[in-house]
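What follows is each chain in one-letter form.
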Amino acid sequence: MPGKPKEKAAPEFVPARHPMEKYLRTERLPHIWCAGCGLGTALSCFLFALDELGWDLDSVAVVSGIGCAGRVAGYVRLDSYHTTHGRALPFATGLKLAKPDLHVVVFSGDGDLFAIGGNHFIHAARRNIDMTVICVNNFNYGMTGGQLGPTTPLEARCTTAPYGNFEPPFNLVYLAASAGATYVARWTTLHARRLQHAMVEALSRKGFTFVEVISPCPTNYGRRNRLGEGLDEMRYYAEHAVIRHGADPKEADIVPGKDFLIGKFVDMEKLTYLEMYRAKVAQLKGKR
Amino acid sequence: MPPKPVTLSGVHFMNGDEAVAEGAIAAGCTFFAAYPITPQSEIAERMARRLPQIGGMFIQMEDELAAMAAVVGAAWGGVKAMTATSGPGFSLMMENLGLAIMTETPCVLANVQRGAPSTGLPTLVGQGDMMQARWGSHGHYEIIALAPASPQEAFDLTVKAFALSERFRVPVLVMTDEVVGHMYERVEIPEEVPIAPRRKPQVPPEEFLPYKPDEDLVPPMACAGEGYRIHVTGLTHDERGYPAMDAEAHDRLVRRLVEKILRYREEYTFWEEVGLEDAEVAIVSYGISARVAHGAMELARKKGLKVGLLRLITCWPFPDEIVRKVAEKVAGLVVVEINLGQIAREVERVACGRAPVVGVYHAGGRIHTPEEVLSGIEEVLKDAG
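Residues numbered from 1 in each chain as written. Chains lettered and ligands numbered in written order. Predicted model: local features only at pLDDT ≥ 70, side-chain atom pairs only at ≥ 80, totals over all residues. Heavy atoms only, no water.

Colleague: Lay out the overall build of chain A with the relevant residues and their values.
Modeller: Summing up its helical and strand segments, chain A has 10 helices and 8 strands in all. A compact globule built from 288 residues should have a C-alpha radius of gyration of about 19 Å, and chain A, at 20 Å, falls within 12% of that. The burial tally for chain A puts 56% of its 288 residues in the buried class. Look at the contacts in chain A between residues 6 or more apart in sequence, and 67% of them connect residues 24 or more apart. On chain A, roughly 13000 Å² of surface is accessible, and the fraction owed to carbon and sulfur atoms is 56%. (Helix = DSSP H or I, 4+ residues; strand = E, 2+ residues; numbered from the N terminus. Rg over C-alpha atoms; globule rule 2.2 N^0.38 Å. Buried < 20%, exposed > 50% of the residue type's maximum accessible area, 1.4 Å probe, protein only. Contact = heavy atoms within 4.5 Å. Areas by Shrake-Rupley, 256 points an atom, 1.4 Å probe, with all protein chains shown as cover.)

Colleague: I'd like a rundown of the overall build of chain B, residues and numbers included.
Modeller: Summing up its helical and strand segments, chain B has 13 helices and 16 strands in all. Its C-alpha atoms give chain B a radius of gyration of 21 Å, within 12% of the compact-globule value 21 Å for 385 residues. A burial count over chain B gives 63% of its 385 residues as buried. Residue pairs in contact within chain B that sit at least 24 positions apart in sequence constitute 77% of those at least 6 positions apart. If you sum the accessible surface of chain B, you get close to 14000 Å²; carbon and sulfur atoms cover 53% of it. Treating the 37 positive side-chain charges of chain B as one cloud and the 52 negative ones as another, the clouds have centres 2 Å apart. (Lys, Arg positive; Asp, Glu negative; His and termini not counted. Charge placed at Lys NZ, Arg CZ, Asp CG, Glu CD.)

Colleague: Describe in detail the side chain of A:Asn140, supporting the description with residues and values.
Modeller: Residues and elements named next belong to chain A. Take Asn 140: it is sitting in the loop between strand E4 (131-137) and helix H6 (172-179). Overall, the relative accessible area of 3% leaves Asn 140 in the buried class. If we skip the residues at most four places from it in the chain, Asn 140 touches Asp 110, Gly 146, Gln 147, Thr 152, Cys 158, Cys 217, Asn 220 and Tyr 221.

Colleague: Give a description of the domain arrangement of chain B that names residues and reports values.
Modeller: Residues and elements named next belong to chain B. For chain B, the assigned domains read domain 1 (10-189) and domain 2 (271-383). Averaged C-alpha coordinates put domain 1 and domain 2 at centres separated by 26 Å. The interface is formed by 28 residues belonging to domain 1 together with 23 residues belonging to domain 2. Interface area, domain 1 with domain 2, both sides summed: about 1900 Å², of which 59% is carbon and sulfur. Contact with domain 2 buries area across many residues of domain 1, yet Gln 127, Met 130 and Met 131 alone supply 31% of it, more than any other trio. Between domain 1 and domain 2 we count 2 salt bridges in total. (Domains from an automatic or database assignment. Buried area = accessible area lost by both parts, 1.4 Å probe. Salt bridge = Lys/Arg side-chain N within 4 Å of Asp/Glu carboxyl O.)

Colleague: How would you summarise the packing of aromatic side chains if you had to cite specific residues and measurements?
Modeller: Summed over all chains, the structure comprises 16 aromatic pairs over all chains. Each ring, one from B:Phe168 and one from B:Tyr264, has its centre 6.1 Å from the other, and the planes form 40°; the classification is tilted. You can see B:Phe168 sitting in helix H6 (residues 151-168) and its partner B:Tyr264 sitting in the loop between helix H8 (247-262) and helix H9 (265-268), a full 96 residues away along the chain. Ring centres 5.1 Å apart and planes at 70° place the aromatic pair B:Phe208 and B:Tyr228 in the edge-to-face group. With B:Phe208 in the loop between strand E9 (184-189) and strand E10 (231-233) and B:Tyr228 in the loop between E9 and E10, this residue pair connects regions lying 20 residues apart in the sequence. The ring of A:Phe48 carries the charged tip of A:Arg193 above its face, separated from the ring centre by 5.3 Å. (Phe/Tyr/Trp six-rings, centres within 6.5 Å; stacked < 30°, edge-to-face > 60°. Lys NZ or Arg CZ within 6 Å of the ring centre and 35° of its normal.)

Colleague: I'd like a description of the packing of helix H1 (residues 16-26) of chain B against helix H2 (residues 41-50) of chain B, backed by residues and values.
Modeller: Packed helices, taken two at a time, are described by their axes: the angle between them and the distance between them. All names here are of chain B. For the pair H1 and H2, interaxial distance at closest approach is 7 Å and the crossing angle is 40°. In terms of orientation, H1 lies oblique with respect to H2. For the crossing formed where H1 meets H2, the hand is right-handed. Residues Asp 17, Glu 18, Val 20, Ala 21, Glu 22, Ala 24 and Ile 25 of H1 pack against Glu 42, Ile 43, Arg 46, Met 47 and Arg 50 of H2. A per-class count over the contact of H1 with H2 returns 6 nonpolar, no polar and 6 charged. (Axes fitted to C-alpha atoms, helices over the stretch in contact; angles between N-to-C directions. Parallel < 35°, antiparallel > 145°, perpendicular 65-115°, else oblique. Left-handed = near helix turned anticlockwise from the far one by under 90°. Nonpolar A, V, L, I, M, F, W, Y, C, P; charged D, E, K, R; others polar.)

Colleague: Give me the lowdown on the sheet that holds E10(B), citing residues and values where you can.
Modeller: Pairing in this open sheet of 9 strands is mixed, and the strands run E7(A)-E8(A)-E5(A)-E6(A)-E4(A)-E3(A)-E1(A)-E2(A)-E10(B) from one edge to the other. Two strands close off the open sheet at either side, each with one partner strand: strand E7 (241-243) of chain A together with E10 of chain B. Going from strand to strand, the sheet's axes swing by 20° on average, the running direction of each strand aside. Where strand E2 (residues 79-82) of chain A meets E10(B), 3 bridges bridge the pair, whose relative direction is parallel. Bridged to A:Tyr81 within E10(B) is B:Val232. With respect to the sheet, helix H1 (residues 39-53) of chain A is in contact with strand E1 (60-64), strand E3 (103-109), E4 and strand E6 (208-214) of chain A, its orientation differing from that of E3(A) by roughly 170°. (Pairing = 2+ DSSP bridges.)

Colleague: Which residues make up the interface of chain A and chain B, and what are the values?
Modeller: Between chain A and chain B, the contact holds 37 residues from the first and 42 residues from the second. Counting across the interface, chain A meets chain B through 3 salt bridges. B:Glu62 serves as the salt-bridge partner of A:Arg127, at 2.9 Å between the closest nitrogen and oxygen. Put simply, chain A and chain B have 25 residue pairs in polar contact (both at pLDDT 80 or more) between them. At the level of elements, helix H2 (72-75), E2, helix H3 (88-98), helix H5 (118-127) and helix H10 (273-287) of chain A are the ones that each hand at least two residues to the side of chain A that touches chain B. In terms of residues, the side of chain A that touches chain B owes the most to one element, H3(A), which gives 7 residues. Taken together, the residues of the side of chain A that touches chain B sort by class into 15 nonpolar, 11 polar and 11 charged. (Polar contact = N/O pair within 3.5 Å; in protein donor to acceptor, adjacent residues only side chain to side chain.)

Dropping the structure here:
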């Protein structure tokens, strides 16, 4: 439209209090996440899930790696550890084994957990260390400016894939299931209540449990791939995310423009690392 | 077979690697994470046998990055934690060693040095990681490194390493080597080894600032699940433990991390002097090389040369004062080490022209012969005129 836009007085902005404020280090707010990012939603779902579980909060520890999702540890009013890039899982492994009564939650991103930390992920899953991993997957490295990551779809543009990505991405659901996770679910930040429910399930199951959260990154991945604002990505999820519980994890590939599967893929029980270790120690004592 | 006692005491015949493991157990270590590597494997194997016997936890991680990360995590879980490795693994541990330094995590890392760079000589001795021990992680920091010269000392210094790591909330390195690691000797284990306490908060959680140091610059440590709900980050942080992204906060923090170590040198600087009273030449050495140097000193004395030995037990922070005093009263210094001159640089820096420094170096694969060291002594005597 031609002409000068009408001057409007900015409305006084009074932020509403977060209903789960008691779990947040409010003195650290505002957070560093961009408008339209899904991390706030993922964190909220986690806090609602904790509230629903009603655990003694002194028994919960959150461990993060590095990146946008890695900052979650800094905002929760819990024992929280913001560690090195990719090493949240081995750090959390040490923490859990040293203090088995602790509920250990690893909250991190796709690059942290599956590129630099990929080896740690498969081994923590294989050992069935009793912990919950929440991976916010936004298909790129947001914090460092939008570089190619291990979940970046083929042909997507990133600052380090300026002509379009030609590396096949990981299907995280399939990877987690294959490596031995006892619970595997995927939701998007649009599916907040279902995501919260999945987190409650993952947290309350024993063993290595995994929740993938598909999240918009409008500042980097979204802008570079012309996906619009965060809201537009929500619309995309509404149109393309297909809920199918119990689907074959192999079929959970994410291809831009095509429908993709969300839901609960794996939910089973098996002995954890600590249970097996204790059984071995008991056996050892029996022999004496 | 009768069950092995839970904790050992008395006289044993064991190698330096086993002595490191037993030292750790005696010091109260209940968590050990590592990745197999020659010539460290005997430490990990001993821990894998022993820790389940004493209610501890052994885990073989997927690599050394993970091993060091798990050790830092376990320390925050409230236990005494340790790892052990050799050169290539030591390099991988540098990342999370930095995390331990920045987050002030007490833990112990033993490096059984072998020939390097790279895969080098996996089964043969080296002392080429001494500078990596000092500067291997990123940024500026101070760390404590102890170098045992015998299995007995491997035991004793591992015990000390745990005590110092708790005292200063810093990772402590036991810089041993393949020969000490694989050498079998008499190791005497005392009936009781005092367990170093962890400094705990003295105020309720709502008043606790996790990175507010006590007067000696070391803050008390609230571990996970103790009700303090603290935030711990590898980012530069303020006294609350919250990220503080500015130059002033960074300078303040890094200076404190350095100063908390340097201010208390007398608490951890250990050394041994032999025959220095009348010495015209002092040999400066450490670890296995110091034992060869001792033999060379005796050879030289038989030839009528006045030679003494300064054996460094604490290598980092470098014992400037100790070396300076020796440099002031001798005509020459001979540094013996299995690398091409690492600790020698420090000796030269401290001697600062007071006495000529001659290095007797070997890149690795074997220890020196006393004769090689003797020729270094003769060379420095010539230099000194």
